Number of protein chains: 2
Amino acid sequence: MITLYHRSDCPFCWKVRIALAELQIEYQLVDTLLGEKHPEVIKHNPKGSVPVFIDGKTVIWESNTILEYLEDVYGPGKLYPGSPAQRSQQRLLVSYSDTVIGPALRDQVFEKRSKPEAEWDWALINTSEQAWRKCLEQLEEWLGDKPYFAEQFSAVECALLPRFGIAETYGAMAYQDFPQIARWFAQMKQRRSYINTYPVSFIQSNI
Amino acid sequence: MITLYHRSDCPFCWKVRIALAELQIEYQLVDTLLGEKHPEVIKHNPKGSVPVFIDGKTVIWESNTILEYLEDVYGPGKLYPGSPAQRSQQRLLVSYSDTVIGPALRDQVFEKRSKPEAEWDWALINTSEQAWRKCLEQLEEWLGDKPYFAEQFSAVECALLPRFGIAETYGAMAYQDFPQIARWFAQMKQRRSYINTYPVSFIQSNI
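Residues numbered from 1 in each chain as written. Chains lettered and ligands numbered in written order. Predicted model: local features only at pLDDT ≥ 70, side-chain atom pairs only at ≥ 80, totals over all residues.

This part takes up the overall build of chain A. Within chain A one finds 9 helices and 4 strands. Starting at the N terminus and ending at the C terminus, chain A contains elements arranged as β-α-β-α-β-β-α-α-α-α-α-α-α. Here the C-alpha radius of gyration of chain A, 17 Å, is about what a compact globule of 207 residues would show, namely 17 Å. Reported as C-alpha extents along the three principal axes, the dimensions of chain A are approximately 50 × 40 × 25 Å. The buried share of chain A, taken over its 207 residues, is 40%. Intrachain contacts of chain A at a sequence separation of at least 6 include 69% that bridge at least 24 residues. (Helix = DSSP H or I, 4+ residues; strand = E, 2+ residues; numbered from the N terminus. Rg over C-alpha atoms; globule rule 2.2 N^0.38 Å. Buried ≥ 20, exposed ≤ 12 C-beta atoms within 10 Å, placed from the backbone. Contact = placed C-beta atoms within 7 Å.)

Here it is as structure tokens:
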């Protein structure tokens with residue numbers, strides 16, 4: 001049985017949950033809290049962060065390595081479909097989501113998550129909004145009129161959907177300005193793997 | 001013909017050069033300078049950084065995605081050998097090199113690279129040394145008495161060797177305190193793929 005140590009609203013953990021749901025893999029979840037140093041997580045991961053994924057003797061503590069492992073074991077071609085060239089473009093988009101979109105949204109999310117609205121630093125939020133808009137422009141161009149970023153649902157959606165879910169929850173700028181992205185996200189939100197992995201904390205709170 | 005836009009002493013670029021050398025792939029190098037915004041790099045990479053790898057119509061601007069592409073096209077099993085579980089542990093070590101070792105050494109390298117010795121901030125350098133020592137302790141444990149981190153030479157060495165080459169050049173703490181690591185690095189330094197990809201700038205300067 002696979003075990004996933006995670007935090008419900010962590011985008012890297014949510015990415016893994018969507019991939020597991022798409023592959024229809026059964027697993028058990030162990031919840032951890034923001035800032036918590038869970039003893040099992042610390043034991044297995046030199047960085048001490050979630051997600052931590054355990055499949056028998058195999059322990060993996062980095063979300064993209066978990067996806068590559070799932071691709072190796074349950075794929076190939078389920079998460080990274082197509083030719084080596086196509087797979088490379090999908091991996092670049094996953095990296096873009098992790099290293100460009102994540103930092104773009106981070107300040108805004110941290111600000112809104114950690115303080116009452118009266119204390120929000122709007123200069124910080126506005127800078128984050130500008131960075132997020134730049135990401136949306138880039139994504140709109142990459143998506144074009146296709147139903148998915150790749151030829152079919154792929155790891156790219158696993159990585160991007162949590163970012164959009166978080167952006168929406170924290171009231172980041174309307175992606176509706178970007179018609180292709182708006183169409184894509186409206187479609188993706190109906191997908192079972194998105195609905196069934198949606199963060200419990202987003203449902204419970206009204207941020 | 002493959003083209004690689006790179007910077008000679010960038011650890012991510014050097015990682016790719018070692019992988020290409022190990023696979024005996026012919027390619028042409030285009031040098032860029034520290035801080036330079038090379039027009040071809042900016043055109044292809046939304047982040048504007050090197051490495052940028054071009055193989056016909058395929059453009060890849062992230063070092064680990066370049067390695068996965070090489071594995072897909074020229075492997076499989078050349079850079080990430082073995083079972084899915086073994087490959088996952090190799091990918092974790094590559095990630096550890098990028099996200100833990102890199103930041104551990106960064107302050108020390110930046111300080112020593114950008115200022116004359118009289119102006120070095122020793123508090124910063126000492127903190128970097130402590131972080132690097134922690135990495136060495138962890139690597140010593142993972143390596144044990146094996147000749148390589150995995151069952152054979154792999155992407156793990158492609159990622160780690162540039163970090164050790166940089167640490168040595170900038171006078172970071174003696175890895176000789178760690179006998180397994182010292183043995184491994186002494187062996188690896190004799191490898192053609194290391195010697196033939198060694199940064200020109202390290203040979204020319206005496207830092």
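What follows deals with the sheet that holds strand β3 (residues 52-55) of chain A. Residues and elements named next belong to chain A. Ordered by their spatial adjacency, 4 strands build an open sheet running β2-β1-β3-β4, and the pairing between neighbours is mixed. The strands lining the two open edges of the sheet, one partner per strand, are β2 (27-31) and β4 (58-60). Shown here is a sheet whose adjacent strand axes are inclined to one another by a mean of 15°, direction ignored. As judged from the 4 bridges shared by strand β1 (residues 2-6) and β3, these two strands associate in the antiparallel manner. Bridging across to β3, Thr-3 finds its partner in Ile-54. (Pairing = 2+ DSSP bridges. Axes fitted to C-alpha atoms, helices over the stretch in contact; angles between N-to-C directions.)

Now for the domain arrangement of chain A. Residue and element names in this part refer to chain A. Partitioning chain A into domains gives domain 1 (2-74) and domain 2 (84-193). Taken together, the 9 residues of domain 1 in the interface contact 12 residues of domain 2. Among the secondary structure elements, those contributing two or more residues to the side of domain 1 that touches domain 2 are α1 (11-22) and α3 (63-74). Of all the elements, α1 adds the most residues to the side of domain 1 that touches domain 2, at 7 residues. (Domains from an automatic or database assignment.)

For the rest of this paragraph, the subject is the sheet that holds strand β4 (residues 58-60) of chain B. In a beta sheet, neighbouring strands are held together by backbone hydrogen bonds and run either parallel or antiparallel to one another. Residue and element names in this part refer to chain B. Reading across from one edge, β2-β1-β3-β4 is the order of the 4 strands in this open sheet, with mixed pairing throughout. With partners counted over all chains shown, the strands left at the sheet margins are β2 (27-31) and β4, one partner each. Sheet twist, expressed as the mean angle between neighbouring strand axes with direction ignored, is 15°. Pairing between strand β1 (residues 2-6) and β2: 5 bridges, direction parallel. By the bridge assignment, Ile-2 is partnered in β2 with Tyr-27.

Let's shift gears to the relation of the copies chain A and chain B. For the pair chain A and chain B, the superposition axis carries a translation of 0.0 Å, the fit reaches an RMSD of 0.0 Å, and the rotation angle comes to 180°. On the angle and the small slide along the axis, the relation comes out as a two-fold axis. Across chain A, the rotation axis passes nearest the C-alpha of A:Glu68, at a separation of 5.0 Å. Comparing interface residues between copies, 100% of those in chain A also sit at the interface in chain B, which points to an isologous, same-surface contact. (Least-squares fit on C-alpha atoms with pLDDT ≥ 70 in both.)

To continue, consider the interface of chain A and chain B. The partner chain B presents 21 residues to the 21 residues of chain A that form the contact. Of all the secondary-structure elements, those providing two or more residues to the side of chain A that touches chain B are β4, α3 and α4 (84-114) of chain A. Top contributing element to the side of chain A that touches chain B by residue count: α4(A), with 9 residues. Residue composition of the side of chain A that touches chain B, grouped by class: 10 nonpolar, 5 polar and 6 charged. (Nonpolar A, V, L, I, M, F, W, Y, C, P; charged D, E, K, R; others polar.)

We now examine the confidence of the model for chain A. Residues with a pLDDT of 70 or more make up 98% of chain A, whose mean pLDDT is 94. Model confidence for the complex is summarised by a pTM of 0.95, with the ipTM given as 0.95. (pLDDT = per-residue confidence, 0-100.)

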